[in-house]
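An overview of the molecular structure
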Amino acid sequence: MGKFLIIIFVFFTIIGLSQSDSSSSFWKEHTEFNGYVKFMQTFSSDQEGNIYDQSLWHNRINTKYFKSTKNGENEFFLELRNRIFYGEAIQINSQIKEMLDVDLGIADLSFVLGESDNFLYSTIIDRLWYKGSFKDWEWSMGRQRVNWGINSYWNSNDLFNAFTFTDFDYEERPGSDAVRIQKYFKNGTNLEVAGSVNSDTAFIGATKLSWNKWNYDFQVLAGKYYDDYVIGCGWAGGIKKWGFKGESSYFMNSDDMTKTVGSLSVSGEYILPGNKFIGLGLLYSSSGVVGNTDVSSSFLAFQTSAKSLMPTRWSAMTTFVGELNGLTNYALILVYMPGVDFALFMPSITRSVAQNFDLSFHMITIGGRLNNQNTFLANGFVRVKWSF
């Protein structure tokens with residue numbers, strides 16, 4: 001808790017020293033404050049048919065200070081999430097406290113501030129960073145999101161912040177303790193260098209070059225990803241009325257160049273009449289499993305990385321998104337893993353009840369065949385969200 005208060009104090013001290021006018025008008029012109037409060041009720045089942053419940057209160061606070069200069073801008077960000085968990089699932093999962101209290105960044109900004117047999121209160125600062133710009137240069141440092149992904153579903157180019165698409169309740173996605181420098185050229189080309197160090201001194205560093213040609217956005221990258229060298233590329237454009245995107249990365253162990261992992265993902269999107277959208281995606285990951293393997297129980301706990309985006313070697317995705325009467329949105333996501341003969345189904349529906357107030361229902365179900373027997377797991381979620 002002491003570390004948390006020191007960080008808050010330092011952040012606002014920097015803001016105070018950077019300006020001489022302490023009037024309220026100054027803060028209105030140079031600061032932003034927003035966030036949300038969510039409540040989510042979860043129901044989970046196991047292979048034996050037992051059902052467990054978990055309740056979650058989730059509060060996010062985003063603060064930003066910004067001040068323009070003659071040729072650029074300076075910005076400071078502090079964002080944190082507070083979560084209160086309680087219910088049967090807390091008692092069953094003995095590792096949840098350790099999972100919440102782990103912070104892989106240089107600074108430990110994750111805290112479990114309260115706990116009991118079926119209750120946990122967690123706070124984590126997942127954004128604490130500075131961004132500056134001067135003419136065609138931009139730089140940032142601190143805990144931030146370095147997003148290099150260009151594909152719609154699976155991002156092997158996203159070396160610093162790969163995310164799991166099943167974690168629908170974390171819209172902001174994880175950040176990393178990183179330094180980032182970008183140079184913009186007049187022809188639309190962008191050169192970017194970024195580096196990140198984790199708590200165990202594990203290092204990620206890479207350079208990315210982006211440009212536009214033939215109405216396509218292209219990018220290539222190269223660098224060091226923990227114990228591997230990595231090269232990659234990506235593109236985003238269109239074929240007739242379809243959007244067409246893709247990414248590929250190739251990892252080579254720095255001590256043994258024969259140990260390699262390759263990943264390739266492509267996606268297509270088509271906008272239908274009536275504000276509807278259909279998407280198709282395909283992923284190949286050489287490190288994924290094949291054959292008679294049960295992925296149902298471990299799928300939701302799978303640790304996604306740029307090197308391993310899915311637990312299976314092949315994955316195919318279909319999405320269908322639409323809206324009803326302008327106030328209700330729905331989405332259907334189906335992922336089939338042919339190598340292990342499992343499928344994942346994620347339907348959801350969101351209703352705007354009032355201004356800044358939403359009610360949504362989500363499901364994550366996974367099932368398949370294992371040893372000539374059917375296996376099935378289901379998770380249901382009811383969520384209320386108020387944004388401010």
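Here the residue numbering is sequential within each chain, running from 1 through the sequence in written order. The predicted nature of this model means local features are confined to residues of pLDDT at least 70 and side-chain atom pairs, given and counted, to a pLDDT of 80 or more, with totals for whole chains, interfaces and linings taken over all residues. Where side-chain values are given, they derive from all heavy atoms of the structure, hydrogens and water being excluded.

1. Some thoughts on unusual backbone geometry
In the Ramachandran plot, Trp214 falls in the positive-phi region, its phi being about 55° despite a non-glycine side chain. Under the DSSP-based scheme used, a helix requires at least four consecutive residues in state H or I and a strand at least two consecutive residues in state E, with every element numbered from the N terminus. If you trace the backbone, Trp214 turns up in the loop between strand E9 (203-213) and strand E10 (216-225). For every residue, the accessible area (1.4 Å probe, protein chains only) is compared with the maximum for its type, and the residue is labelled buried under 20%, exposed over 50%, or partly exposed between those bounds. You can call Trp214 exposed: its relative accessible area is 68%. One non-glycine residue with positive phi stands out, namely Asp341, at about 60°. Here Asp341 shows up in the loop between strand E16 (328-337) and strand E17 (342-354). Owing to a relative accessible area of 35%, Asp341 belongs among the partly exposed residues under this scheme.

2. Some details on the nonpolar core
Within the largest apolar cluster, 28 residues are counted, with the highest numbers of intra-cluster contacts made by Trp154, Phe165, Met337 and Leu344. For this core, the secondary structure elements donating two or more residues are helix H4 (96-100), E16, E17, strand E18 (357-370) and strand E19 (373-387). Of all the elements, E17 adds the most residues to this core, at 3 residues. Listed in part, the 14 residues of the second largest apolar core include Leu159, Ala194, Ala206 and Val230. Only buried residues count toward a nonpolar core, which is a set of Ala, Val, Leu, Ile, Met, Phe, Trp, Tyr and Cys residues joined through side-chain atoms within 4.5 Å.

3. So, empty space enclosed by the protein
Cavities and pockets are found on a 1 Å grid laid over the protein atoms alone: a cavity is a set of points where a 1.4 Å probe fits but cannot escape, a pocket is an open set with protein on both sides within 12 Å along at least five of seven lines, and a lining residue has an atom within 4 Å of such a point. Grid points are joined across faces, edges and corners, and a volume is the space filled by probe spheres set on the points. Going through the model one piece at a time under the given rule, you end up with 1 cavity of 30 Å³ or more. Lining the largest cavity are 12 residues; nearest its centre among them are Thr164, Phe165, Thr304, Leu309 and Met310. Three residue categories are used. Nonpolar comprises Ala, Val, Leu, Ile, Met, Phe, Trp, Tyr, Cys and Pro, charged comprises Asp, Glu, Lys and Arg, and polar comprises the others, including Gly. For the lining of the largest cavity, the class distribution of residues is 9 nonpolar, 3 polar and no charged.

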